[in-house]
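Each chain is listed here by its residues.
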Amino acid sequence: MNKLNRKIEYSLMALKHMSTKRPGQLTSAKEVADSYHAPFDATARVMQIMAQKGVLHSEQGATGGYQIKKDLSKVTMYDLIQLIQGNTQIAKCMHKSDPCELRANCNIVSPVSNLNHKLNEFYKALSLQELLGQP
């Protein structure tokens, strides 16, 4: 059904891991990947994206790493999905660039569109702080 993209999973793993650290303590992508047996390249990439988009702060160098920059109560699940994978739709008929070949005769375009809208509204109302169970 509606399943999370792996990149979103790695992003959430990294954020949850970093949220347990004391302020100013850095976390490397290797540390996150090793802790949860996640692929290093994918974990490093999503952490780089989150840093480029201002969710994380990165410090370069041998002792560098990442730390959470944004207040996770102000970042929603929708925001995370948008910055990691861009616009997402739950069904092919929602894609403007590659529409479903059945769309012209389909009787569920409107209900699927409504469901897509409701899911996005839910994600917009869910902060990462709430999702990750942080105080």
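See the structure shown above.
As a starting point, this report considers the structure included with it.

Reading guide: rules and limits
- Residues numbered from 1 in each chain as written.
- Predicted model: local features only at pLDDT ≥ 70, side-chain atom pairs only at ≥ 80, totals over all residues.
- Heavy atoms only, no water.
- Buried < 20%, exposed > 50% of the residue type's maximum accessible area, 1.4 Å probe, protein only.
- Helix = DSSP H or I, 4+ residues; strand = E, 2+ residues; numbered from the N terminus.
- Contact = heavy atoms within 4.5 Å.
- Phe/Tyr/Trp six-rings, centres within 6.5 Å; stacked < 30°, edge-to-face > 60°.
- Lys NZ or Arg CZ within 6 Å of the ring centre and 35° of its normal.
- Pairing = 2+ DSSP bridges.

### Quick look at helix α4 (residues 77-85)
- What α4 keeps buried is the set Met77, Tyr78, Leu80, Ile81, Leu83 and Ile84.
- In this fold, the buried residues of α4 make contact with α1 (6-19), α3 (40-52), α5 (109-125) and α6 (128-131).
- After α4 finishes, the residue Gly86 shows a positive phi value of roughly 80°.

### Digging into the packing of aromatic side chains
- Under the criterion given, the structure shown has one aromatic pair.
- Ring geometry for Phe122 and Tyr123: centres 5.9 Å apart, planes at 55°, overall tilted.
- A relative accessible area of 17% means that Tyr123 is categorised as buried.
- Sitting over the ring of Tyr78, Lys124 keeps its end group 4.7 Å from the ring centre.

### Describing the pairing of strand β2 (residues 65-68)
- In this structure, strand β1 (residues 56-59) lies alongside β2, joined through four bridges in antiparallel fashion. Each residue of the ladder has a partner; that of Glu59, found in β2, is Gly65.
- Here β1 folds back onto β2 in antiparallel fashion, the turn holding five residues, of which Gly61 has a positive phi close to 110°.

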